[in-house]
Structures are given as C-alpha cells and as structure tokens.
Amino acid sequence: MLYFMKTSRFLVVLFITLVLSGCRALVPVKTYVTLVQYNVGVFDKYEESGFEAIASAVREMGADAVSLNEVDSCALRTGSVDQISVFAEELGDWNKYYASAMPFNGGAYGVGIVSSPKLKVVRTDKVSLPKLNGREPRALAVVEYEDFVFASTHLDLTVESQIGQVVAINHYVDSVYAGNGKPVFLAGDFNCRPDGETIQLIKRNWNQLTPDAFSFPSHAPNRCIDYIFVRPRGSKVIVRSAETPAVLQTADLATASDHLPVVLSVIIEK
C-alpha cells in the first residue's frame, strides 16, 4: 500500500511538471529592445566634442544598441583618438564594434555599433561594400546578439552605388543569416528619401519600422534619410514606438550632430 501511495504521488508530480512545462512552451519568449540610428558626424559637426551630448541623448532615449555613422578612428582631424572607444567609455564601458570603410587622415573612417553590457555579443562581422561610381568606399558593421542581429551602414550618394551596396548587403544577410531564426535589423544613413529608388529596392526584402520623419539637417530638418528596417526571420517583431526626436531634455540635438537620431523600441517574440 505504501509503495502504491509513493508511486501515485510521483506520477501526480510528474504529470503536473509535464503540464507546466507544456504551458511554458506555449508562451512566446519576449525580448524588449530599443535601437537607435545616429549619424554622429565624427562627433564634432557643430561642437568641438559631441561625445557627452550624444551620450546623454542615447541614455535619455533608453537605447540598448546604437548604429553610428561617420566615425573616425585615430584620424588626425579628430585628435587621433579611437572615437568609438571614447564613446563606449562615455556610456559606461559599453560593447563596441567598428567597421572601417577606408583609410583616412592617418587613421580610418567608417561605421560602428555600441551596445549595453547587458546584451551578450555572439558574433561580429564587417562587410566591405562596392564603391562603383561613388565618392568613397562604404562598409556594413554587423553584431549578432543572443536574440537578434543588428547591422549599421552609411550608403554613398549616387544611386548606382547605393543599389550595388544594397545588393551586397542582401547577399550577405541571405548567405549568413538565412536559417538562424533571429530577426536582422538594418540601420543607417541611406542618403535617400522614402520615395527614392534605393529605399524602394530595400523594401522589397526588408520591412521599414521607423517613420518617414525628417532627420536631416538637425537644425532645420527637411528630408528623411535615416531609417531602421528588419527582416523578421521567423520571429515576430512588434513595434512599441518609433520616432525621430527633435528635442530632448538632456541634449541639444540641433547641435550634437547634423543628423537627428532615429529611435525604435520593439518586442521580439519567438
């Protein structure tokens, strides 16, 4: 009798455990993340040093990861400092990844991504983009985290170059991230308005998550050229908020850079 009672208790506990496990499996895993796209203009478009102002803006926007465009690395014109390292330190020892687009002025010039230490970096990558008839080489910086992939770029000014660069970005994403199930976010200064050929091409493969709000120039914005797109890759991406703020309490966005930031908060469900 005692053996029967113990066995019954065991079976009941096992049944409850299996039911609870099944219920948990039916509940989607949610990740809340805030992404920012910011062309920082080598941190000195209007101010001698914009590190503090832009860091204050990033903190106020509640960013978890930031796409940075126009970033110098050890270039003479900006004091031979590694700008992304200085900025990451200003934010409190954030993760950083820099993708040089070209040698410049004794150092390099390119794009990068900084992210909160709470995000675990799984992989980083740089993709050199074709110049074609453009003015200068461009690059794509890619950081993969546990729940998503974030990529930053800055396209050239000519449509031919932009088209070639978008094709290269699509080829890379299709080759590397086609089967891993993580959403891929693409942020950048695309140097193209919403009705332009380049943005229309991007939207064939990507979903635009940010509004067509004017982001340039920061002191009197009259065009939208900064965006964040996504390829969900099997995950559900829910937009909580998306905006291009012109005013913040802790930073003067009109003078921090010649671009306004674009901020996107999403929920990723798996």
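First things first, this report covers the structure right here in the doc. Note that this is a predicted model, so its numbers are computed, not measured.

Our next topic: helix H2 (residues 51-60). Most of H2 is tucked away, with seven of its ten residues classed as buried. Looking at H2, one finds that the buried residues are Phe51, Ala53, Ile54, Ala55, Ser56, Ala57 and Val58. Where H2 is buried, its residues touch strand E1 (30-39), strand E2 (65-73), helix H3 (83-90) and helix H6 (253-256). One or two positions beyond H2, positive phi appears at Gly62, with a value near 70°.

This next bit is on H3. Turning to H3, its buried residues are Gln83, Ile84, Phe87 and Ala88. With its buried residues spanning 130° around the axis, H3 presents them on a single face. Elements that come into contact with the buried residues of H3 comprise H2, E2, strand E3 (95-104) and strand E4 (107-115). Phi turns positive one or two residues past the end of H3, at Gly92, with a value near 110°.

Turning next to the pattern of salt bridges. All told, the structure shown has eleven salt bridges when counted by the stated rule. Between Asp64 and Lys118 there is a salt bridge; the shortest N-O distance is 3.1 Å. Taken as a pair, Asp64 in the loop between H2 and E2 and Lys118 in the loop between E4 and strand E5 (121-129) lie far apart in primary sequence, 54 residues in all. For Lys118, a relative accessible area of 62% gives the class exposed. Residues Arg123 and Asp125 are paired through a salt bridge, measuring 3.2 Å at the closest nitrogen-oxygen approach. In the salt-bridge network here, residues are joined through shared partners; they are Lys45, Glu70 and Asp258.

About the thresholds
- Residues numbered from 1 in each chain as written.
- Predicted model: local features only at pLDDT ≥ 70, side-chain atom pairs only at ≥ 80, totals over all residues.
- Heavy atoms only, no water.
- Buried < 20%, exposed > 50% of the residue type's maximum accessible area, 1.4 Å probe, protein only.
- Helix = DSSP H or I, 4+ residues; strand = E, 2+ residues; numbered from the N terminus.
- Contact = heavy atoms within 4.5 Å.
- Arc of directions from axis to C-beta.
- Salt bridge = Lys/Arg side-chain N within 4 Å of Asp/Glu carboxyl O.

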